[in-house]
Amino acid sequence: MLPMELAVRAAATASCSSGTSRQLPGAHASLRLQRRRPARRVAAAAAIVVESESKVQQSNHSEAEVFACPVCYEPLIRKGPSGINLPAIYRSGFKCSKCNKSFTSKDIFLDLTVTSGTKEYSELKPARTELFRSPLVSFLYERGWRQNFNRSGFPGLDEEFQMAQDYFQPVAGGILLDVSCGSGLFTRKFAKSGSYSSVIALDFSENMLRQCYEFIQQDDTLVNTNLALVRADISRLPFASCSIDAIHAGAAVHCWPSPSNAVAEISRVLKPGGVFVATTFLSSPRNNPFSVEALRPLRQIVGPVNSSYNYFTEGELEDLCKSCGLVNYSSKVQRSFIMFSGQKP
């Protein structure tokens, strides 16, 4: 018999004994009190055991249910070591419990795209998405590209990170998903902060994830953290509904093929009370850092580049969040820069 069952049975027996003692005459009041106290102590011990086992079950269930099939959204069955970290993910195989589609680590990231494993089929995304799959852009992103955003009002990495951390305070200790993570500028900051139980870096670009991994390997403080790399489509997030506490999207919304589909997916996977924080460029005559002149050198290497991006007004971004079920919208604006946040009710 399990310790919890013994405790519960002992509590029940003691309670019955206590109940019998209530029928004794007043001369035995002290005896009744002595009998009640052990019963209460045993019952309290049983409650602690039940609560402890419940928390362990919830923790195991939470980890098991995070990754889901991008085809049918059913939980993935893992074969390999548990944990949301690079070594565990790399040594594990995943299989959908419903459609039997298998997923494995490709190089250093877990490929959870719908097309994972295909041999003949291939498809191209919009030019602005394909641009960031380029090895050259992945290499340059953290070596000068991102720094140019300050011309549009972006306050800088450290300040942007702290602003996001302020928004994420209500969900500290949970799982954070850094979507469209690029080379992992903010992924690394979130992981090193110690504010989250796990950090998942997600991007559609294989080369961005490889660049992210390279930077992680250069930092000894990150190698053994609960940090995982996942390739996925922002409009088809491979996570169970209501499984993620915090989602961050740094300078990314304007690149998404369908921001409405993406925010709807973000709303789906957030837990009740979960927080979404994003930065992007507001619609403005001055907000285009990807001008024709800026992209001209890249065209000789990566081919034709379409520099059209999705730029929105603040009202449009608020309307988008509300239409996808997010509440408590808040924003901070500096010239063409905006950081906005919404919460899952």
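Fair warning: this is a prediction, and the values are worked out from it, not measured in the lab.

### Remarks on the nonpolar core
Phe 67, Ile 200, Phe 239, Ile 247, Trp 256, Phe 276 and Phe 340 are the most contacted members of the largest nonpolar core, which has 45 residues in total. With four residues, helix α9 (residues 259–269) is the largest single contributor of residues to this core. In this view, Ile 200 contacts Val 66, Phe 67, Ile 84, Ile 175, Leu 176, Leu 177, Asp 178, Ala 228, Val 230 and Phe 239; residues no more than four positions away in its chain are not counted. Core analysis: the second largest hydrophobic core is formed by 41 residues, Val 137, Val 171, Cys 181 and Val 275 among them.

### Re helix α11 (residues 314–323)
Residues of α11 that are buried: Leu 317, Leu 320 and Cys 321. One side of α11 carries all its buried residues, which in axial view fall inside an arc of 95°. Exposed residues pointing more than 90 degrees away from the buried face of α11 are listed as Asp 319, Lys 322 and Ser 323. Considering only its buried residues, α11 is in contact with α9, β9 (270–281), β10 (327–334) and β11 (337–343). Positive backbone phi, approximately 90°, marks Gly 325, located one or two places after α11.

### Considering the sheet that holds strand β4 (residues 109–111)
Whether parallel or antiparallel, the strands of a sheet pair through hydrogen bonds between backbone atoms. Taken in spatial order, the 11 strands make up an open sheet running β1-β2-β3-β4-β7-β6-β5-β8-β9-β11-β10, and their pairing is mixed. The open sheet has two edge strands with one neighbour each: β1 (76–79) and β10. For this sheet, the mean inter-axis angle between neighbouring strands, taken without regard to orientation, is 20°. Relative to β11, β10 runs antiparallel, the two being bridged by six bridges. From the neighbouring strand, Gln 334 faces β11, where its bridge partner is Phe 337. Together, β5 (175–179), β6 (198–203), β7 (227–231) and β8 (244–249) form the strand contacts of helix α7 (residues 185–193), whose direction differs from that of β6 by roughly 175°. The strands touched by helix α8 (residues 206–217) within the sheet are β4, β6 and β7, with β7 carrying the most contacts at an inclination of about 165°.

### A short note on the confidence of the model for the protein
Averaged over every residue, the pLDDT of the protein is 81; residues scoring 70 or more account for 74%. Confidence drops under pLDDT 50 across residues 41–64; counting only partners more than four residues distant or on other chains, this segment forms 13 contacts. Within the model, pLDDT remains below 50 along residues 289–306, and this stretch shows 30 contacts once partners closer than five positions in the same chain are excluded.

### Here we look at the pairing of β6
Counted residue by residue, β6 has six buried out of six residues, so it is predominantly covered. Residues Ser 198, Ile 200 and Leu 202 line one face of β6 and the alternating positions Val 199, Ala 201 and Asp 203 line the opposite face, and both faces are buried. Two strands pair when backbone bridges link them, and β5 and β6 are joined in this way by five bridges, in the parallel orientation. Bridge pairing links Asp 178 to Ala 201 in β6. Each parallel crossover has a hand, and for β5 linked through α7 to β6 it is right-handed. Relative to β7, β6 is paired through five bridges, and the arrangement is parallel. Of the residues in β7, the one forming a bridge with Asp 203 is Arg 231.

### Here's the deal with unusual backbone geometry
One non-glycine residue, Asn 100, adopts positive backbone phi at about 65°. Tracing the sequence through the fold places Asn 100 in the loop between β2 (93–96) and β3 (102–106). In this structure, Ser 180 is a non-glycine residue whose phi angle is positive, near 50°. In this fold, Ser 180 is placed in the loop between β5 and α7. What makes Ser 180 partly exposed here is its relative accessible area of 23%.

Conventions adopted
- Residues numbered from 1 in each chain as written.
- Predicted model: local features only at pLDDT ≥ 70, side-chain atom pairs only at ≥ 80, totals over all residues.
- Heavy atoms only, no water.
- Core = buried A, V, L, I, M, F, W, Y, C linked by side-chain atoms within 4.5 Å.
- Buried < 20%, exposed > 50% of the residue type's maximum accessible area, 1.4 Å probe, protein only.
- Helix = DSSP H or I, 4+ residues; strand = E, 2+ residues; numbered from the N terminus.
- Contact = heavy atoms within 4.5 Å.
- Arc of directions from axis to C-beta.
- Pairing = 2+ DSSP bridges.
- Axes fitted to C-alpha atoms, helices over the stretch in contact; angles between N-to-C directions.
- pLDDT = per-residue confidence, 0-100.
- Right-handed = clockwise from strand over helix to strand, strands pointing away.

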